[in-house]
Every structure is written in structure tokens, then in C-alpha cells.
Amino acid sequence: MPDPPAQNTYRIDDLAHQTRTTVRTIRAYQDRGLLPRPERRGRANLYSETHVTRLHQIAHLLDRGYTLASIKELLDAWDTGRGLGGVLGLVTEVEGPWTDERPDRITRAELDARFGGTPDDGAVGEAVELGVLERIDGDPDTFLVPSPQELSVAVELHAAGVPLSAISGHLRELRGQVEYIAARFLEFTTEYVFARYLDDPEHRTDAHAAEAASLVRRLRPLARQTIDAELARAMRSLATRHLRTHLGAEQPAKAPCGDRSVALPASTIGVVEQLVGREHVSEFIALATERELQARSLDRLASGTAQGR
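Residues numbered from 1 in each chain as written. Predicted model: local features only at pLDDT ≥ 70, side-chain atom pairs only at ≥ 80, totals over all residues. Heavy atoms only, no water.

Asker: Just checking my understanding: could you explain unusual backbone geometry for this structure?
Answerer: Among all residues except glycine, the phi angle is most often negative; among peptide bonds, the trans geometry is most common. Phi is positive for Arg 20, which is not a glycine, with a value near 55°. Within the fold, Arg 20 resides in the loop between helix 1 (12–19) and helix 2 (23–32). Residue Arg 20 is classed as exposed on the basis of its relative accessible area, which comes to 81%. (Helix = DSSP H or I, 4+ residues; strand = E, 2+ residues; numbered from the N terminus. Buried < 20%, exposed > 50% of the residue type's maximum accessible area, 1.4 Å probe, protein only.)

Asker: Please explain the sheet that holds strand 5 (residues 139–145) as it appears in this structure.
Answerer: Backbone hydrogen bonds hold the strands of a sheet together, and the pairing may be parallel or antiparallel. Read from one edge of the open sheet, three strands run 3-5-4, paired in antiparallel fashion. The open sheet has two edge strands with one neighbour each: strand 3 (104–107) and strand 4 (134–136). Taken over all neighbouring pairs, the strand axes of this sheet differ in orientation by 40° on average, direction set aside. Where strand 3 and strand 5 come together, four bridges link them in antiparallel fashion. Paired with Ile 106 across the bridge in strand 5 is Phe 143. (Pairing = 2+ DSSP bridges. Axes fitted to C-alpha atoms, helices over the stretch in contact; angles between N-to-C directions.)

Asker: Help me understand a nonpolar patch on the surface, please; the structure alone is not making it clear to me.
Answerer: A grouping of Ile 181, Ile 227, Leu 231 and Met 235 is seen on the molecular surface, where their side chains present a nonpolar patch of about 370 Å² in accessible area. Among the elements that make up the nonpolar patch, the one with the highest residue count is helix 10 (residues 206–246) (three residues). Considering the arrangement of structural elements, one finds Ile 181 in helix 9 (residues 164–199). (Patch = residues over 30% accessible without salt bridge, like charges linked within 9 Å, V, L, I, M, F, W, Y side chains within 5 Å. Areas by Shrake-Rupley, 256 points an atom, 1.4 Å probe, with all protein chains shown as cover. Salt bridge = Lys/Arg side-chain N within 4 Å of Asp/Glu carboxyl O.)

Below, the structure is given as C-alpha cells:
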């Protein structure tokens, strides 16, 4: 029976070159327990293909935003047989595209033509800042369009008479509200669906990670379907009421008494929660609003008195 092929071995300099890293980084990974110790042969430390694979895994996870501490936990899970491959599959599923829409490219000339033919460098810069357009290295006259649908909406609004600055402002406001809705949907599904995979060590095997990835694929379209349905319902109701009000068919409705739901940016809610605690968010916002209204009333009163004098 033939002997199995010998594995490649590397000195630390060769390993660093093979994996496009540095000797200092390799030693730091060893000190943190992320990388197995090399085999000692005489005076030389020799590394194997196992070390090459492990360094590629670490680089892959770092690129995806993981910290070294979380990477060590994942690698420890792999080493104890709890499965890293399934976890990486779940990560890939979550970080993959959440829409069937495909990015497109557009030249600067085509872009100017779609928005009336007048170049507007300020509007282009703002679109790049918002991510509606992305610059392409080495080709300053062409842009990547991550969402052609979003760009088409802007084109139609501009053709209807909406200034580009107003479109950008509206998108910023809308994005904050949508991110709040996305955060709430994520909290909801995590609490009722994914908590068992994230919190229970017994559910961190390859099989359970694959099951969680399958759930992500099934639940991914639900958020969009729910938003589509609720947006259609709200638009029909509000647009009908708005039209009737302006045509004089009905008087503007008075604000109802009691509690009302208001969409606020998730970042604002997060800051308030850190300041007063989650259970006091509503009370804090209500009191802050009341104080602002009282301050404005005092300002008006003082202003009117000073003018009378």
C-alpha cells in the first residue's frame, strides 16, 4: 500500500508569504490561541496546511466584521466538533442579498440625461453619500447603481417637479424610519425564532446552523411582504382622506385623544434607552416634548410683551 502523500510544511516566513499576512500577525494569533503551535523539528518550527487553512478562516471572518474574541469562540467550537462550517453558512446567508434586484451601471452622461440634461455635481455627490450611486475605481465617468428601482423612483419624482435636494432629504428621513422598522422585525424574529440557536450552546452544531440558515431564507421575504401590504393599506387610507379634505368633502379630522404610535429613528431610541432605560422611553419623550412646547409658549409670551412695551 503506497504511503500517503506528505503534507507541505512551511517556516514562518514562508507561511506569512503563502497566506498574505505577516510574521508578527501569525505570532499574535498564536499568543491569542487562534492558531495551533507549530511542530518543532530540531531548531526549526514547521507549519502545515492546517495552519494555512486556519489563517484563511480567520481572514474570512475578519473581513465579515468579526472581532478576534468572537473568532476564537467560533474556532474553539470547530475544534471541539460543534461545527464552524455551518456557522459560516449561516453568516453567508444573512450577509447575502436580501432582494432579487440586480445592481446596474450608469454613465455620467446617461445620469444627466435622465435628470433633465443639466449636470449637477452637488446632487451626484449627495447620491454617492447616500449609497444610491457608488463610484467605480479607475472609471470616474461610470457609477454602480445598487438599486436601479430606487434610482428610477428619483427620476420619476424629479420629472414630476420635485427638486433633487427634496428627494435626498426625503430619502434620509425615510431611511431612518425604515431602519427602525427593520430593527423591530429583527428583534421580534430573534426573540421568537433565532434565540434558541444563538443562546443555547447545544444548538451550535453544523446541523442546527444549517436549520437556522434555512429559516433565514424562509423569513427573509416576510419583512418586505409585510411592509408592502401595510404601506399599500396606509397609502390608500391616507390618500383618500387627503383628497377628500382638499376637495371639501370632509373637514380635517381632529387629532384623536389617547396614545398614538410615532416612528422614530432607531438611533434616537437607542440613545434615550441608554439615558433613562427602556421602560421609561415613552415617558421621557412625552415630558421632553411637553417641556419644548412650554418653552415655546413662554418665548412667544415674552416676545409679545416686549413688543407691546
